[in-house]
Amino acid sequence: MAYDPKHAGKKETTTAKPLRIAKGELHRLAQLDRRYVWHPFTQMRDWLKSEPVVIVEGCGSVLKDVHGKEYLDANASIWTNLHGHNNPRINGAIRRQLGKIAHSSALGFANEPASILAERLTKAARLTPKPHSGIRCANQLAKVFFSDDGSTAMEVALKLAFEVSRRTSPGKRPRFLSLSGGYHGDTVGAVSLGKIDLFHKAYRALLFRTETVMAPHCYRCPFNRAHPERADAREYRKCNWECVDEVEQKLAQMKSREIRCAGMVIEPLVQGAAGLVPQPHGWLRRVSQIVQSAGVPLIADEVMTGFGRTGFPIGPLSFPKDSPPLFACHHEGVQPEFMAVAKGMTGGYLPMAATLTTQRVFDAFLGDYSEFKTFFHGHSFAGNQLGSAAALASLDILESRNSIQRRARLQNALKSELHALWKSPFVGDIRQVGLIAGIELVKNWETREPFKLADRIGIRVCEAMARRGVLTRPIGNVIVIMPPYCTTPAQTRRIVGALEEGLAEVLPLSSKRI
Ligand SMILES: *Cc1c(COP(=O)(O)O)cnc(C)c1O
């Protein structure tokens, strides 16, 4: 594994004092963590049982812990990192910006990198299909509202969509339409749009009402009549696109109940937290046509999928090889009215997000001050200069030939390496979308019988992978592989190899009949 100390561990990035590690004793930083830190989405009782991995350095796809052990960052530090850690170009851009100013307020002032970034983002988000493809290009995303993270980017989208709906057709309170299994963040508005019971049920009394329609989930779809095969369920499914009909019926039903729809919220191409659940090719295009021709705005949550994560497209809408689409929507020629981006926006360096929308939405908030049509919403760090500088550098890298080649190489390496996993009878589905892969572990592939969540199979497999120097985090029984784009074919092999070994350790073949 190539850990290049040239790029990592420069004196300024490490702790000043050398850390003393007594044998058998918990590292001082681990002790501090255990005493004071409460970790997100973590059962802290389990956390406190073992020594946490304390990361001190990173370089490319490699993370290094406080004991000097190296790991491959197989989930890109929770789906954020694009070009690797300690990337010289992003580091340089942040340093240059730091020499000028770190932050000034967007409430009352414009600034240099945020102005440039807003233009770059609208250009990147613009759909430029081939002239003969028949896709309408009106309603381009023309305005950028900056915020801090995926949740806030979604809060902004939902507030804007709600207000536009309320202002343009007064009457009953509009409602949002979400997909089952959807995840849009953890603030109360974003949780209202979300549909993962495990996370959201506890807060139900706090939430506003939304409508739900089934998301496509070929592997576990009640309409899929195909028997399980050793392939991605989307490829062998037998259905009549019932999931698309359901959306059509839902909109008709809302109309007949006189419920106005303020927007349909979608994670395009693949639902992340649902368990990396991909949509079959054509679903997004079909559903968008239905939704948008009913006059309902489409709110695309590209927080996970944005900035090249969904790789190179399959199917008829072919893009030239030197410019793969940066956003999932573009794979199917879809132009949403709202697009939320975050995670990878700064290359995974800094918390920064944006909500992109159309001139029409922007105009609905114009008026005399005394009309109070202002969008009364904003975050202290909106348009932060350091984040903007990192995001600009990240966009430069994304558009470079070198990065495009690396992404193509990673997508292909993932595809060929993942194939080996079908050997395990505990692998039920392998779903890859570009540079994202979810491997669903099941008790019995022939019946798709799942493991009980309480058995913590996903967690145990990931712990076994960590012992082999590969870090990732499961979603229930789904193992996530979503490495930085600079991950080499050899590193990809190591990631999948660690998963294979982890599987064999946690689920030996002899356990098959238990
Ligand atoms: C992670 C995520 C969010 C929330 O983003 P945060 O930055 O964690 O607030 C929203 N939507 C999707 C699809 C995500 O994957």
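The structure we're discussing is the one just above.
Residues numbered from 1 in each chain as written. Predicted model: local features only at pLDDT ≥ 70, side-chain atom pairs only at ≥ 80, totals over all residues. Heavy atoms only, no water.

Asker: I would appreciate a short explanation of the pattern of salt bridges in the present structure.
Answerer: Opposite charge on two side chains makes pairing possible when the charged atoms of those side chains draw close. Under the definition given, this model contains 22 salt bridges. A salt bridge links D46 to K49; the shortest N-O distance between them is 3.2 Å. For E501, the salt bridge is made with R468, and the minimal N-O distance between the two is 2.9 Å. Of this pair, E501 sits in helix α17 (residues 489–506) while R468 sits in the loop between α16 (457–467) and β16 (470–471), placing them 33 residues apart in sequence. Overall, the relative accessible area of 45% leaves E501 in the partly exposed class. (Salt bridge = Lys/Arg side-chain N within 4 Å of Asp/Glu carboxyl O. Helix = DSSP H or I, 4+ residues; strand = E, 2+ residues; numbered from the N terminus. Buried < 20%, exposed > 50% of the residue type's maximum accessible area, 1.4 Å probe, protein only.)

Asker: What is the right way to read the packing of α16 against α17 from this model?
Answerer: Axes are the key here: two packed helices are described by the angle between their axes and the distance separating the axes. Contact geometry for α16 and α17: axes closest at 8 Å, N-to-C directions at 125°. Classified by the interaxial angle, the pair formed by α16 and α17 is oblique. Considering how the two elements wind past one another, α16 and α17 form a crossing that is right-handed. Only I495, A498, L499, G502, L503, E505 and V506 of α17 make contact with α16, whose side of the interface consists of R460, V461, A464, M465 and R467. (Axes fitted to C-alpha atoms, helices over the stretch in contact; angles between N-to-C directions. Parallel < 35°, antiparallel > 145°, perpendicular 65-115°, else oblique. Left-handed = near helix turned anticlockwise from the far one by under 90°. Contact = heavy atoms within 4.5 Å.)

Asker: Any chance you could explain the packing of helix α5 (residues 112–125) against helix α14 (residues 385–398) here in plain terms?
Answerer: At their nearest, the axes of α5 and α14 sit 9 Å apart, and the two run at 40° to each other. When the axes of α5 and α14 are compared, the pair comes out oblique. The two elements α5 and α14 meet at a crossing, and its hand is left-handed. In contact with P113, A114, I116, L117, R120 and L121 of α5, α14 contributes Q385, S388, A389, A391, L392, L395 and D396. Residues that form the contact of α5 with α14 fall into these classes: nine nonpolar, two polar and two charged. (Nonpolar A, V, L, I, M, F, W, Y, C, P; charged D, E, K, R; others polar.)

Asker: It is not clear to me how the pairing of strand β14 (residues 436–444) should be interpreted in this structure. Could you clarify?
Answerer: Consecutive side chains along a regular strand alternate between the two faces of the sheet. The buried fraction of β14 amounts to seven of the nine residues, a majority that puts the element mostly inside the structure. In this sheet, β14 lies alongside strand β13 (residues 427–433) in antiparallel orientation, the contact comprising six bridges. Within β14, the position partnered with V427 by the bridge is L441. Counted between consecutive antiparallel strands, the loop separating β13 from β14 contains two residues, among which G434 sits at a positive phi close to 60°. (Pairing = 2+ DSSP bridges.)

Note that every value here comes from positions in space, so none of it alone points to a role or purpose.
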